[in-house]
Protein chains: 2
Amino acid sequence: MLSTCLARWGYKIKHIDNRAEPTPTGRADGIQPRSLDLLRNMGLKSAIMAHKPARVYEVAFWDPPKTGGQGGIVRTGTWASCPNFIDARYPFTTLLHQGMIERVFIGDLQKNGVQVQRPWTIKGFTSDEKANPEYPVEVQLEHVDGEARETVRAKYLFGGEGARSFIRDQLKIGITHKDPIAYVWGVMDGVVKTDFPDIKMKCTIHSEHGSIMVIPREDNMVRLYIQIASSTDPDFNPRKTATVEEVQASAKRILQPYSIEWERVEWYSVYPIGQGISDKYTLDHRVFLGGDACHTHSPKAGQGMNTAFLDALNLAWKIHAVEAGFADRSILETYEPERKEVAETLLSFDNKYAKLFSQRPPAASDIAAATSTGKTEEAENEFIKTFKESCAFTSGYGVFYKANALNWSASHPAQSHVILDPATAGTRLQPGRLYINSDVTRVTDANVVHLEQEVPLNGSFRIFVFAGKPSVTARALKDLAANMSRKGSFYSAYTRPDAETVSHHEKHNPHSMFYTVCTVFSAPRAQIEISRDVPALLARYVDHIYADDRWDRHVPDAKAAAHAKMGLDEERGGVVVVRPDGYVGVVVKLEEGSATVDALNAYFGSFTTKKLGETQAQL
Amino acid sequence: MLSTCLARWGYKIKHIDNRAEPTPTGRADGIQPRSLDLLRNMGLKSAIMAHKPARVYEVAFWDPPKTGGQGGIVRTGTWASCPNFIDARYPFTTLLHQGMIERVFIGDLQKNGVQVQRPWTIKGFTSDEKANPEYPVEVQLEHVDGEARETVRAKYLFGGEGARSFIRDQLKIGITHKDPIAYVWGVMDGVVKTDFPDIKMKCTIHSEHGSIMVIPREDNMVRLYIQIASSTDPDFNPRKTATVEEVQASAKRILQPYSIEWERVEWYSVYPIGQGISDKYTLDHRVFLGGDACHTHSPKAGQGMNTAFLDALNLAWKIHAVEAGFADRSILETYEPERKEVAETLLSFDNKYAKLFSQRPPAASDIAAATSTGKTEEAENEFIKTFKESCAFTSGYGVFYKANALNWSASHPAQSHVILDPATAGTRLQPGRLYINSDVTRVTDANVVHLEQEVPLNGSFRIFVFAGKPSVTARALKDLAANMSRKGSFYSAYTRPDAETVSHHEKHNPHSMFYTVCTVFSAPRAQIEISRDVPALLARYVDHIYADDRWDRHVPDAKAAAHAKMGLDEERGGVVVVRPDGYVGVVVKLEEGSATVDALNAYFGSFTTKKLGETQAQL
């Protein structure tokens, strides 16, 4: 993910892998709903879906019957894995063999001139900014057979080498185990013949013979997770293992009264796992860690690959912003706190979720309340609250970042009466949380589009100008454009050097590599005339002008559903700044005069390389 | 399309093309909404969409300003090209260069062992069923350079060679010109720079300098159709032509006051066209014609490729049904009337649609009424009626076939009180019309699916058992399964010879190659227990059991939206027979006793090779 992003944005990447080829079988396989949005935003989703992955919409819980005595298992409930209230585009988990996912990324890297160098490994590295301010990192690489060696000088080094990270060890960064309990897991991919009715669903099965988790896979396969040992066992040994036959025999006992036979076993592995988080993600903001190198946890929630994706994405755009001369180097310091907090939430969630279902079986009314779209009148009980939080978090939509220079809050240096504080303004958009999905109609070709997908993952901040009703905001929109084009504004200060010669076909970055601007009117498409209603600066983004005229079930009474979903005034609109990774930065009122752009200058000025908004002279 | 279908179903295909390579530029480019459904049903849609085609959602009409005198053009209205009332899955026209579409089909042919033989041409053929009942057709083929020749014996010969069909000429089949007016058209694909605001929409532009049609294309291209001459012109000459420069100059005049410049011209062609239909599509039901060989018309409605697809599809499944021993050879006689009727409608539509907009400019209330989802209280005026019919027809959703053995009607040999006559029973499904789209939840994996897409284009009839409420229909469902499994039933009479050894992974044809059965309950998914609620015969199609529990905006108050959309009783259901090409054959009540299967036996028995339903002994 990191190499793919940076290679696309023009950086030179050396990507090494100590394996001779991409993952042939096994390993991770779960792509969560929000990760699928991200892959689509990168243009990689259709290549993933072409492999016809399994899709998990619901999770089934199986337990011993309450009456007891006669053994066996019964279904105690099924739950949407990504219920309606989340408003996900793809409300399901996508299950596909990791190797296929890797190959999609590798193919994209190749398109951008990067060949994965394999099987090579890292033998050592140093990082010294004083000695070499431009390329402070020196890395020793070696072919795994010891046949060849090379030394590389780099601006950055990223270790995504998994739980036994060499780089983390060299940096002497320790791991804190959140949960003292360690486990030994068995995992088996194969094709089965069974009369167990939920074999194509994700299932958590508890029986008096043990526990199993069922994950459906592509090509009629199924993955079974079996807990083989726990450090709470009296005879615990992290090296405890079990053969394929033993695990199959155990699965047969657990699934009784249903039968199961294997037609084929594609992959089988046993591994010990502890729930741990690396103490630091970086020491010097030149050598970074991410993925399993930073956090290890049980595979049950299907979060490993997804969390690693987001680690890499978070770092990628920040490195780009720094190296392209836009952001101050200090934004790299936000990587560790933003991503470590998510890892901590993940680990505590893992325990919480397990407890949730062991405490008491949920009632039918809980299921209805927890998975429905609307708000229930009654106060939500603890069970429903936890369930909802869990769904939001595991789907990826609930992942959020705390306040910092990028994520506005009341204590941010940018202070203005036009900045909308979600705590008081009632906007549904919250800095540090994901931008909200909405459908709109593109004015230029009348295509119905997913607004949140309209700007590809291009490393730019996304400025969504919700322009309300054209008759109400005409002046404010003109003032916005005029102040954006002033010298020293957040927008003009980072004009492309080649802005004069950019092709008229350039859709996303006609003026600046750091911003893409979208304008959304609260009006039917046919009533919007770009040449009349849109100031030239915004009209240059002719493919990014939209009509907010699509009905949405989540806000059935709204006239302008996207405005309403964001919590913005349907007539007066507002300006939403979205970070390159899709998280909201700040939300500002769209007002006449200069206050709107002044506020944006203050927001961006808190982390850009240039001072903004000081020079008020017209360009 | 014909070769692709038959190759997939196991037939040996010789496919020749007199061009050295697939279409490099130009030709057809419009895939209508219903054709996209069909491509998806064949698993070919994503390969098409990977080319990022343009999508036309609306059509804009431009005319000289009413005030007159000052010249120029103004937009007089825009219209949804596939309005909501049609309930299309993909309510847009997909525009993509024909060569890319061809290559998707060619790739699929190759997967099934068929190589297009090119550049080869046909030099002659004979057809004599008496002399050779099994392979009555003998065809002489030749390399276009005359280098090589071969003679092929075949069961069938299909001529899809376009307007100047050699096969049609050899058969001495004439063409009837519906519209005596002939035209000369110019067509130009290219990349332009323009301030014309609707360059990414489909536009019909009339000006005092002439008329143009604008069609957006992939890769920033645009296609312009320019009418160069008409046989109503005093100096008409079908050989009249115009250079690229002349057409560009003409386009510039027509688009005034907007400017247009060409950055690149990819393709340019001038061709005369008359509106004609071939008098016969076949003489002996061994040598067939389809596509432009049978019908030529103006390119304006974007119907050429789509009509050709449906010609081929219609013939493909009928040949398969005959050759596989299921249907009587007489069903081949339905090809010509079904498809010729559609061609006639297409030609008369072409004139009607043009007149529609020349008569009077539509009022705003017309636009609202014509494109809305709901039914308007007031009677529809002629304009709206014609517009709606036109949209339905051009989208492909309005194409229908008249009554015959395949499309039940009151005069069909199958007569039973349980057959639902749409004229009296109020069902929205009509024999000879397309099956209606609906969302349902698959029981086995909780996936939300498009029911109409669940059975791939496998050459089988699709039996949709709408099973209503399980508590109401338990007995009827049991009786249905029991009577289907009786010896001599429509279902049992065509059991696969290898039925005993079919893999348990076989989803669509476990028992018979001629039927795929889907069961849809009017109940929430979690309440359906397959082992309890579904008789074994139906339960064998474990991936084709669904819960009708998805809300649908078109029937907002329905408890079981799919049942409601079909016009079936939400508690009692009904059985819908859908032809392999997606058109409804017959709709039957789901009743206790044998009446339902008796009616199906009578329906199928009217065209199957075996007598059905006579033997009442249990298997």
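For the structure given in this document, a descriptive report is provided here. Counting starts from 1 at the beginning of each chain's written sequence and moves along it residue by residue. Working convention: letters from A go to chains and numbers from 1 go to ligands, in the order in which they are written. In view of the model being predicted, local features appear only for residues whose pLDDT reaches at least 70, and side-chain atom pairs are presented and counted only at 80 or more, with totals across whole chains, interfaces and linings using the full set of residues. In computing side-chain values, all of the structure's heavy atoms are included and hydrogens and water are not.

With that out of the way, let us pick up the overall build of chain A. Helix and strand definitions follow DSSP, with helices as H or I runs of at least four residues and strands as E runs of at least two, each counted in order from the N terminus. If you tally the helices and strands in chain A, you get 16 helices and 23 strands. Relative to the 2.2 N^0.38 estimate, which gives 25 Å for 619 residues, the radius of gyration of chain A is 26 Å and therefore close to what a compact globule would have. The C-alpha extent of chain A, read off along each of the three principal axes, is 80 × 65 × 40 Å. Within chain A, the proportion of its 619 residues that are buried is 57%. Neither His nor the chain ends is counted toward charge; the positive residues are Lys and Arg and the negative residues Asp and Glu. By convention, the point assigned to a charge is CZ for Arg, NZ for Lys, CD for Glu and CG for Asp. Here chain A contributes 72 positive and 75 negative side-chain charges, whose respective centroids are spaced 2 Å apart. Between the two quantities, the radius of gyration covers C-alpha atoms and the globule rule is 2.2 Å times the number of residues to the power 0.38. Type-normalised accessible area, obtained with a 1.4 Å probe on protein chains alone, sets the label of each residue: buried when under 20%, exposed when over 50%, and partly exposed for intermediate values.

Now for the sheet that holds strand E18 (residues 448-450) of chain B. All names here are of chain B. Note on pairing: two strands pair once DSSP finds at least 2 bridges between them. Reading across the sheet, the seven strands line up as E18-E17-E21-E20-E19-E22-E23 and stay open at both edges, with mixed pairing between neighbours. Single-partner strands in this sheet number two, and they are E18 and strand E23 (584-588). Ignoring strand direction, the axes of neighbouring strands in this sheet form an average angle of 30°. For strand E17 (residues 439-442) and E18, the ladder comprises three bridges, and the chain directions are antiparallel. Across the sheet, Val440 pairs through a bridge with Val449, a residue of E18. Every residue pair with non-hydrogen atoms within 4.5 Å of one another is taken to be in contact. Axes here mean lines fitted to C-alpha atoms, for a helix over just the part in contact, with angles spanning 0 to 180 degrees between N-to-C directions. Against the sheet, helix H12 (residues 470-484) engages strand E19 (461-468), strand E20 (515-521) and strand E22 (574-578), with an angle of about 150° to E19. Sheet strands in contact with helix H16 (residues 595-605) are E19, E20, E22 and E23, and its direction is about 155° off that of E23.

A residue counts toward the fit only if its pLDDT is at least 70 in both copies, and the copies are then superposed by least squares on the C-alpha atoms of those residues. Mapping chain A onto chain B leaves a residual RMSD of 0.0 Å; the transformation is a rotation of 180° accompanied by 0.0 Å of translation along its axis. The transformation relating the two chain copies, once decomposed into turn and shift, fits a two-fold axis. Minimal C-alpha separation from the rotation axis in chain A is found for Ser46 of chain A, amounting to 3.8 Å.

So, about the interface of chain A and chain B. Taken together, the contact between chain A and chain B spans 27 residues of the former and 27 residues of the latter. Of the roughly 2,600 Å² buried between chain A and chain B, counting both surfaces, carbon and sulfur atoms make up 43%. Salt bridge criterion: a side-chain nitrogen from Lys or Arg within 4 Å of a carboxyl oxygen from Asp or Glu. Remark: the boundary between chain A and chain B carries six salt bridges. Here Arg525 of chain B makes a salt bridge to Glu58 of chain A, at a shortest N to O gap of 2.9 Å. N or O atoms within 3.5 Å of each other form a polar contact, as long as, within protein, one can give a hydrogen and the other can take it, and as long as residues adjacent in sequence are counted only when both atoms are side-chain atoms. Counting across the chain A and chain B interface gives 12 residue pairs in polar contact (both at pLDDT 80 or more). Accessible area that two parts lose when put together, evaluated with a 1.4 Å probe and summed over both, is termed the buried area.

In this section: the side chain of His412 of chain B. Residue and element names in this part refer to chain B. Along the chain, His412 turns up in the loop between helix H10 (382-395) and helix H11 (422-425). The buried category is assigned to His412, whose relative accessible area is 4%. Within the local environment of His412, its side chain forms a polar contact with the backbone oxygen of Ala405, the two atoms lying 2.6 Å apart. Discounting chain neighbours no more than four positions away, the residues touching His412 are Asn404, Ala405, Asn407, Tyr603 and Ser606.

Right, let's get into the state of the cysteines. Residue and element names in this part refer to chain B. Two cysteine sulfur atoms make up a disulfide if the distance between them is within 2.5 Å. As enumerated under the stated definition, the model contains zero disulfides over all chains in all. With no disulfide partner, Cys82 has as its closest neighbouring cysteine sulfur the one in Cys391, 7.4 Å distant. For Cys203, which is in no disulfide, the shortest distance to another cysteine sulfur is to Cys391 and amounts to 16 Å.

Another aspect to go through is the packing of aromatic side chains. Pairing of aromatic rings covers Phe, Tyr and Trp, the last through its six-membered ring, and needs centres within 6.5 Å; plane angles under 30 degrees mean stacked, over 60 mean edge-to-face, and all others mean tilted. The tally for this structure, following the rule as stated, stands at 63 aromatic pairs over all chains. Between the aromatic rings of Phe326 of chain B and Phe461 of chain B, the centroid separation amounts to 5.9 Å while the plane-to-plane angle is 55°, which identifies the pairing as tilted. In this pair, Phe326 of chain B sits in the loop between helix H7 (304-323) and helix H8 (335-359) while Phe461 of chain B sits in strand E19, placing the two residues 135 residues apart along the sequence. Owing to a relative accessible area of 2%, Phe461 of chain B belongs among the buried residues under this scheme. The structure contains a cluster of three or more aromatic residues connected by ring pairs, namely Trp317, Phe326, Phe461, Phe490, Tyr491, Tyr494, Phe514, Tyr515, Tyr603, Phe604 and Phe607 of chain A. When the ring centre of Tyr135 of chain A is taken as reference, the NZ or CZ atom of Lys155 of chain A above it lies at 4.9 Å. Consider the ring centre and the ring normal. A charge sits over the ring if Lys NZ or Arg CZ is within 6 Å of that centre and within 35 degrees of that normal.

Quick look at the environment of Ala414 of chain B now. Relative to the helices and strands, Ala414 of chain B resides in the loop between H10 and H11. Apart from residues lying up to four places away in sequence, Ala414 of chain B is in contact with Trp408, Ile419, Ala599, Ala602 and Tyr603 of chain B.

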